[in-house]
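Analysis of the macromolecular model
Residues per chain are reported as follows:
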Amino acid sequence: MEALICRKLGDPAVLASDPPAVLSKSEPIPQLNSPTAVRVRVRATSLNYANYLQILGKYQEKPPLPFIPGSDYSGVVEAVGTAVSKFKVGDRVCSFAALGSFAQFIVADHSDLFLLPEGCDLVAAAALPVAFGTSHVALVHRAQLGSGKVLLVLGAAGGVGLAAVQIGKVCGAIVIAVARGAEKVNFLRSLGVDHVVDLSSESVTSSIKGFLKAKKLKGVDVLYDPVGGKLTKETMKLLNWGAQILVIGFASGEIPVIPANIALVKNWTVHGLYWGSYKIHQPNVLEDSIMELLSWMAKGLITIQISHTYCLSEASLAFAAIKERKAIGKVLIAFDEDARSKL
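Residues numbered from 1 in each chain as written. Predicted model: local features only at pLDDT ≥ 70, side-chain atom pairs only at ≥ 80, totals over all residues. Heavy atoms only, no water.

Bringing the pairing of strand β8 (residues 150-153) into the picture now. Burial of the side chains of β8 extends over both faces: V150 and L152 are buried on one face and L151 and V153 on the other. Bridge analysis of β8 against strand β9 (residues 174-179) gives 4 bridges, and the strand direction is parallel. Residue pairing for β9: L152 is matched across the bridge by I176. Here β8 runs beside strand β11 (residues 220-225); their pairing, made up of 3 bridges, is parallel. In the strand pairing of β11, L151 is matched with V222. (Buried < 20%, exposed > 50% of the residue type's maximum accessible area, 1.4 Å probe, protein only. Helix = DSSP H or I, 4+ residues; strand = E, 2+ residues; numbered from the N terminus. Pairing = 2+ DSSP bridges.)

Put into structure tokens, the structure is as follows:
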């Protein structure tokens, strides 16, 4: 089978004579390793910023070399173990893994797979588990976002950002989005976002303050932050008493300082959100979250915006789209021409 093999650490977005991640066309097809195992023929797999950091060697989890990167994916069941009754050959499924989805086949335990309901696009579903799962657990489970609350989403045109924007609207929140550039801003407006700030031409603070004043709102109730850096510091000035801060990641490369004294006086709650660790500590939360998201997807309440689609041999271009923030939404690797032509 074809698979992307990371043999050394380095930047997978750089075209080089000796890249860190190389395409192998002769990897063995993984065999069922238990009675409850299922082998899936992968139709598409999503790129997340964590995948990029992992190949760089800068992610919190550092697998031994060599490894096949990749996390969330969708595909069709190709073989099932003797104890599997939940799935059959031909079922459409999606899931996520610590490693291994950048390959034509992957083996998972049946308990880790999710059957796609009617109305869910098989290829687009590859981009749902991590990005939408992260935002759903953060906003619904942790912040318990409700109707009428003011949600501020930083990095709103990225994978987790767009997911947060849509989930916020489903929850009935007043959604403020921050992005950079006219194309991203216009797309966010097309989603019905209540207010969008263009970082390339506006002051975040003055723009949001103007919106809040016009709508007679006191401030921001929930800050969704996958960016970090100076933007976090600036937007904290907009938070209400009792606001909640969701620390999702640090795409800016700078870890912000949240002053404990102000958090005390303002009664803020700071949530650190490492989505993957729920698999170990509260797997039922992840399962319930993804099941609800698939239901929303089938009903058309959320849509997955696929910005770029590549084949496996173009992985460096896919990582470059992530690194250079070219994407509006998600970047996919699709494993056959039919899957790529649908997007």
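Back to the write-up after that little detour.
One widely used convention gives an interface's size as the accessible area the parts lose upon coming together. When its domains are assigned, the chain resolves into domain 1 (3-127 + 304-340) and domain 2 (143-272). Summarising the inter-unit geometry, the C-alpha centres of domain 1 and domain 2 are found 30 Å apart. Listed by partner, the interface residues are 7 residues for domain 1 and 9 residues for domain 2. Counting the surface lost from both domain 1 and domain 2, the interface buries some 680 Å², and carbon and sulfur atoms represent 61% of this. At the boundary of domain 1 and domain 2, one finds 3 residue pairs in polar contact (both at pLDDT 80 or more). Class assignment of the residues belonging to the side of domain 1 that touches domain 2 gives a composition of 3 nonpolar, 2 polar and 2 charged. (Domains from an automatic or database assignment. Contact = heavy atoms within 4.5 Å. Buried area = accessible area lost by both parts, 1.4 Å probe. Polar contact = N/O pair within 3.5 Å; in protein donor to acceptor, adjacent residues only side chain to side chain. Nonpolar A, V, L, I, M, F, W, Y, C, P; charged D, E, K, R; others polar.)

So, about the UniProt feature "domain: Enoyl reductase (ER)" (unreviewed entry) in the chain. Feature annotation in UniProt assigns "domain: Enoyl reductase (ER)" (unreviewed entry) to the following positions: residues 21-333. Across residues 21-333, the secondary structure splits into 31% helix and 25% strand, with the terminal C-alpha atoms separated by 14 Å. (UniProt positions renumbered as here; feature names shortened; annotations may be inferred.)

Bringing the pairing of strand β3 (residues 37-47) into the picture now. Of all 11 residues that make up β3, 10 are buried, and the element is covered over most of its length. Pairing geometry for β3 and strand β6 (residues 105-109), over 5 bridges, is antiparallel. Paired with V40 across the bridge in β6 is I106. Bridge analysis of β3 against strand β4 (residues 72-80) gives 7 bridges, and the strand direction is antiparallel. Within β4, the position partnered with V42 by the bridge is G75. Where β3 and strand β15 (residues 330-334) come together, 4 bridges link them in antiparallel fashion. Bridging across to β15, T45 finds its partner in I333.

What follows is about empty space enclosed by the protein. Counted under the stated rule, the structure contains 1 cavity of 30 Å³ or more. The element best represented in the lining of the largest cavity is helix α3 (residues 159-170), accounting for 4 residues. Considering only residue class, the lining of the largest cavity consists of 4 nonpolar, 6 polar and 1 charged. Looking at which domains feed residues into the lining of the largest cavity, each of domain 1 (3-127 + 304-340) and domain 2 (143-272) gives three or more. (1 Å grid on protein atoms, 1.4 Å probe; cavity = no way out; pocket = protein on both sides within 12 Å on 5 of 7 lines; lining within 4 Å. Points joined across faces, edges and corners; volume = space filled by probe spheres on them.)

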